[in-house]
2 protein chains.
Amino acid sequence: MRRVSIIGIGDTKMGKLPECSLKSLITEAGNEAILDAGIEKNIIEALFVGNFNSQALCGQGHMGALVSETLGLGHIPTLRVEGACASGSLAFRQALMAVAAGFYDVVLVGGVEKMTHQSTEVVTSAIASASAVELEASLGATFPSIFAMLANRYSYEYGDIREAMALCAVQNHENALLNPKAQMQKKITVEQVLNSFPIADPLTIYDCSLVTDGAAFVVICATNRDVGSAAKRKVDILGSGHAGDTLSIAAKRSLTTLDVTVNAACQAYSMAGIKPEKIDFAEVHDCFTITQILNIEDLGFFNKGQGAEAVAKGKTARTGKIPINTSGGLKAKGHPIGATGLSQICEVVAQLRGEAGTRQLDRSQIGLTHNIGGTAATCVVNIFRKGES
Amino acid sequence: MRRVSIIGIGDTKMGKLPECSLKSLITEAGNEAILDAGIEKNIIEALFVGNFNSQALCGQGHMGALVSETLGLGHIPTLRVEGACASGSLAFRQALMAVAAGFYDVVLVGGVEKMTHQSTEVVTSAIASASAVELEASLGATFPSIFAMLANRYSYEYGDIREAMALCAVQNHENALLNPKAQMQKKITVEQVLNSFPIADPLTIYDCSLVTDGAAFVVICATNRDVGSAAKRKVDILGSGHAGDTLSIAAKRSLTTLDVTVNAACQAYSMAGIKPEKIDFAEVHDCFTITQILNIEDLGFFNKGQGAEAVAKGKTARTGKIPINTSGGLKAKGHPIGATGLSQICEVVAQLRGEAGTRQLDRSQIGLTHNIGGTAATCVVNIFRKGES
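Remember, predicted model here, so these are calculated numbers, not experimental data.

## Topic: the overall build of chain A
When you go through chain A residue by residue, the secondary structure sums to 13 helices and 11 strands. Over its C-alpha atoms chain A spans a radius of gyration of 19 Å, differing by no more than 12% from the 21 Å that the globule rule assigns to 389 residues. Projecting the C-alpha coordinates of chain A onto the three principal axes gives extents of approximately 55 × 45 × 35 Å. A burial count over chain A gives 65% of its 389 residues as buried. Once local pairs closer than 6 in sequence are excluded, the contacts in chain A between residues at least 24 apart make up 78%.

## Overview of the environment of Asn224 of chain B
Residues and elements named next belong to chain B. By the element assignment, Asn224 lies in the loop between strand S7 (214-222) and strand S8 (235-244). Here Asn224 falls in the exposed class, since 10 other C-beta atoms lie within 10 Å of it. Note: C-alpha distance between Asn224 and Glu19 (205 residues apart in sequence) is 41 Å.

## A few points about the domain arrangement of chain A
Residues and elements named next belong to chain A. Domain boundaries in chain A define domain 1 (4-119 + 211-235) and domain 2 (131-208 + 238-386). Computed over C-alpha atoms, the centres of domain 1 and domain 2 are 23 Å apart. Breaking the side of domain 1 that touches domain 2 down by element, the ones donating at least two residues are strand S1 (4-11), helix H4 (87-100), strand S4 (106-113) and strand S7 (214-222). By residue number, the principal contributor to the side of domain 1 that touches domain 2 is H4, which donates seven residues. When the residues that make up the side of domain 1 that touches domain 2 are grouped by side-chain class, the tally is 17 nonpolar, 12 polar and six charged.

## A few points about the environment of Ala317 of chain A
If you trace the backbone, Ala317 of chain A turns up in the loop between helix H11 (307-312) and helix H12 (329-332). When neighbours within four sequence positions are excluded, Ala317 of chain A is seen to be in contact with Gln171 and Pro323 of chain A.

## Section: the relation of the copies chain A and chain B
Rotating chain A by 180 degrees and moving it 0.0 Å along the rotation axis overlays it on chain B with an RMSD of 0.0 Å. Expressed as an axis order, the relation between the two copies is that of a two-fold axis. Here 100% of the interface residues in chain A have copies in chain B that are interface residues too; the copies meet face to matching face.

## Some thoughts on helix H7 (residues 162-176) of chain B
Residue and element names in this part refer to chain B. When the terminal C-alpha atoms of H7 are compared, their 22 Å separation across 15 residues agrees well with the 21 Å that a helix rising 1.5 Å per residue should span. Most of H7 sits out of view: 12 of its 15 residues are buried. Listing the buried residues of H7 in full gives Ala164, Met165, Ala166, Leu167, Cys168, Ala169, Val170, Gln171, Asn172, His173, Asn175 and Ala176.

## Let's talk about the interface of chain A and chain B
The interface of chain A with chain B comprises 48 residues on the first partner and 48 residues on the second. Taken together, the elements giving at least two residues each to the side of chain A that touches chain B come down to helix H2 (54-58), helix H3 (63-71), strand S3 (78-82), H4, strand S8 (235-244) and helix H9 (259-272) of chain A. Sheet topology places S3 of chain A next to strand S3 (residues 78-82) of chain B; three bridges connect them, and they run antiparallel. Pairing of Glu82 of chain A across the sheet is with Arg80 of chain B, part of S3 of chain B.

## A closer look at helix H10 (residues 289-298) of chain A
All names here are of chain A. In terms of residue burial, H10 counts as a mostly covered element, since 10 of its 10 residues are buried. Among all positions in H10, only Thr289, Ile290, Thr291, Gln292, Ile293, Leu294, Asn295, Ile296, Glu297 and Asp298 are buried. Summarising the contacts, the buried residues of H10 are in contact with helix H6 (143-158), helix H7 (162-176), H9, H11 and strand S10 (366-373). Within two residues after H10, Gly300 carries a phi angle of roughly 90 degrees, on the positive side.

## Let's talk about the confidence of the model for chain A
Low pLDDT marks stretches whose predicted atomic positions should not be read closely. In this model, chain A carries a mean pLDDT of 97, and residues with pLDDT of at least 70 account for 100%. Interface predicted TM-score (ipTM) for the complex: 0.97; the corresponding pTM is 0.98.

## Brief notes about the packing of helix H1 (residues 22-37) of chain B against helix H3 (residues 63-71) of chain B
Packed helices, taken two at a time, are described by the angle their axes make and the gap between the axes. All names here are of chain B. Put simply, H1 and H3 touch, their axes get as near as 9 Å, and they point 65 degrees apart. The angle between H1 and H3 falls in the class roughly perpendicular. When you trace H1 past H3, the crossing you get is right-handed. Of H3, the residues touching H1 (which contributes Lys23, Ile26, Thr27, Gly30 and Asn31) are Val67, Thr70 and Leu71.

## Some remarks on the pairing of strand S10 (residues 366-373) of chain B
All names here are of chain B. For S10, the tally of buried residues reaches eight of eight residues, placing the bulk of the element in the interior. Both strand S9 (residues 281-283) and S10 contribute to a ladder of three bridges, which runs parallel. Opposite Ala282, over in S10, you have Leu368 as the bridge partner. Two strands pair when backbone bridges link them, and S10 and strand S11 (residues 378-386) are joined in this way by eight bridges, in the antiparallel orientation. Note on S11: the bridge partner recorded for Asn371 is Val380.

## Side note on the environment of His370 of chain B
All names here are of chain B. In this fold, His370 is placed in strand S10. With 31 C-beta atoms counted inside 10 Å, the residue His370 sits in the buried group. Taking the C-alpha atoms as reference points, His370 and Leu299, 71 residues apart in sequence, are found 8.6 Å from one another. In contact with His370, other than residues within four places in its own chain, are Thr261, Ala282, Glu283, Val284, His285, Asn295, Leu299 and Val381.

## Looking at the nonpolar core
Ranked by internal contacts, the top residues of the largest apolar core, which has 290 residues, are Val218 of chain A together with Val218 of chain B. Excluding residues within four positions of it along the chain, Val218 of chain A makes contact with Ile6, Gly8, Ile9, Ala33, Phe92, Val109, Leu342, Ile345 and Cys346 of chain A.

## Things to note about the packing of H7 of chain A against H10 of chain A
Residue and element names in this part refer to chain A. Relative orientation of the contacting elements H7 and H10 amounts to 100 degrees, with a least axis distance of 8 Å. Taken as axis vectors, H7 and H10 run roughly perpendicular relative to one another. Contact residues: Ala164, Met165, Ala166, Cys168 and Ala169 in H7; Thr289, Ile290, Gln292 and Ile293 in H10. Of the residues assigned to the contact of H7 with H10, the class counts are seven nonpolar, two polar and no charged.

## Comments concerning the pairing of S3 of chain B
Residue and element names in this part refer to chain B. Taken across its five residues, S3 has five buried, putting it largely inside the fold. Here S3 shows a buried face lined by Thr78, Arg80 and Glu82 and a second buried face lined by Leu79 and Val81. The pairing of strand S2 (residues 46-50) with S3 spans four bridges and is classified as parallel. Residue pairing for S3: Val49 is matched across the bridge by Arg80.

The rules behind each value
Residues numbered from 1 in each chain as written. Chains lettered and ligands numbered in written order. Predicted model: local features only at pLDDT ≥ 70, side-chain atom pairs only at ≥ 80, totals over all residues. Helix = DSSP H or I, 4+ residues; strand = E, 2+ residues; numbered from the N terminus. Rg over C-alpha atoms; globule rule 2.2 N^0.38 Å. Buried ≥ 20, exposed ≤ 12 C-beta atoms within 10 Å, placed from the backbone. Contact = placed C-beta atoms within 7 Å. Domains from an automatic or database assignment. Nonpolar A, V, L, I, M, F, W, Y, C, P; charged D, E, K, R; others polar. Least-squares fit on C-alpha atoms with pLDDT ≥ 70 in both. Expected span 1.5 Å × (residues − 1). Pairing = 2+ DSSP bridges. pLDDT = per-residue confidence, 0-100. Axes fitted to C-alpha atoms, helices over the stretch in contact; angles between N-to-C directions. Parallel < 35°, antiparallel > 145°, perpendicular 65-115°, else oblique. Left-handed = near helix turned anticlockwise from the far one by under 90°. Core = buried A, V, L, I, M, F, W, Y, C linked by C-beta atoms within 7 Å.

Below you can see the structure in the form of structure tokens.
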């Protein structure tokens, strides 16, 4: 299996962007990634697209072909990959497999989502299609209600974590203040989180991620193929894992351990040949604040039941032992569903290259991305390292 | 790159099936394929799902996880692949690449679509999302109108082919009479096609493929991995190609040559190391009768401009030089969009094994499947050979 590197990244401002269309988001992020890689478009051999909602919210399917035509990529093979909120990471993993196997050398991977032009009702219904519709969503089990249940069960098993959950939101908002592309650039306090609009007890509006328009693209390349990109800006893909679980929450083995995270992480660590202690920083799926706490445990950064205390002690802050979501995360950078996984990768690559501006970390040799879909029914974990100059 | 074989197939009756749900279609075809392979479920390492419409027509996304939970496949990685009407073939190709590269040994690939419960208006709108919505569909360019334009241009360049188009429908209906799983089991005549309800001149209702509920699954396996399946029933994947083109018809290079077909076929023939003359029979994408004529030329079975005459002379009939669509094709077997490509593969495997019942061909050593998406914006071609006993 061949080694594969990232040679270009590009992403849009995230947010409520009424002035942007699907195509303008694609054009901006896609061309930025290609320009960043320093390559001509005509050496791109295939395109993988992550997208969840365009059929439901924009009336446009067949997004592989749409993205290719929009970017002027000619006759290359294209496809769309979908796995709910993990769609972007899944597209990335499929592209990685295709290059690792030798089918292609240079591949473009893009994620895009345009959501904020639709009403809350329409968006909520579209998002609910990522859950077990017949068994759960149709009975009123929305994502906030399901994740609130996980928070309550976690508190029952390991003690109250309400303040630690709020602190995840506070820290992610702090990080987003340093990210000019983040959707929410607003400092918040623990008190504000606790006292804001209730969504599903104990979750308030500040415990929930955002509805976001945005796009993120990366160019990947067989590591030993010289396409003229600056070698010192290459980022190597060390490991990748992909796991699944039941679509319905009712059929899960546990409500306080996300098996998909454990299993995908295990594969990624094994492929990279490293242990969790070696990870310097990570972008972790925080669709809700409770999800971030579960995941930092299930990724092996902290023992089960100790994630909340670690957050409270600042270990996941930007200056902590293992900075989590320096981009601002889904909570504050935004959650453009099909682009989210690729947006995480853009952040990790920027940090590894030392190009993360005012939010640049001191220690950024090995970074991890973690992205889940639905009620933790799909998970992709990737591990990256600064390329050898 | 490792060799890969098909070891199991399963498909449902195709048609308007009000008694079947998404889940019942998945259960029937998925379990049939697993049973046919003679394996236990717990050796399946990953699942790839082709689906186009379930978000729009059933309110259910995240189909990888849904199919996995429905079949009880546990914690394996899953994903959905979408490329309009080529979604099933794309899922198959992604699975093939993953096994060829060594990521997995045994993989399940499934396609499913549930469409007939919705109104014609809703279904038409959902299908239109496979085209260039902003540039063409929103201006009234439906798929029948676009393919009618191809037929008119072809006639302008190569002479009248109206009767040959009608004959494609007549032959596919004849073949479907021998396929108990086909949606339309009804003999038709050229006169009936020509005089039936007009859709978009010159296409009548009998020139158009069907709206279909159905599912089709295959189990693939690294050829050298012994999982206990009967070796003599193995079918080897000799070649595979995947090409793309612009989403919009306006931007195409030609209206009478489908570049995606030419390019995907070229890749598949090259990988298989054979020429078109070696293909004994094929399942060819016939969303409209004109599409079948264009494709049998672009696949290299007949010279450009000679497809219509070949059809008129019976060369593509079941007893002809190269039988096309022995299953009945999209026209008469049915077109369950995300399942179509896999349904084609099920037919080719059945023929190669000698298990095609009353429609069994005498000469069936090497078969080909061809599946396009949208206005020929995506194409996958696969070539199969009876496994060595």
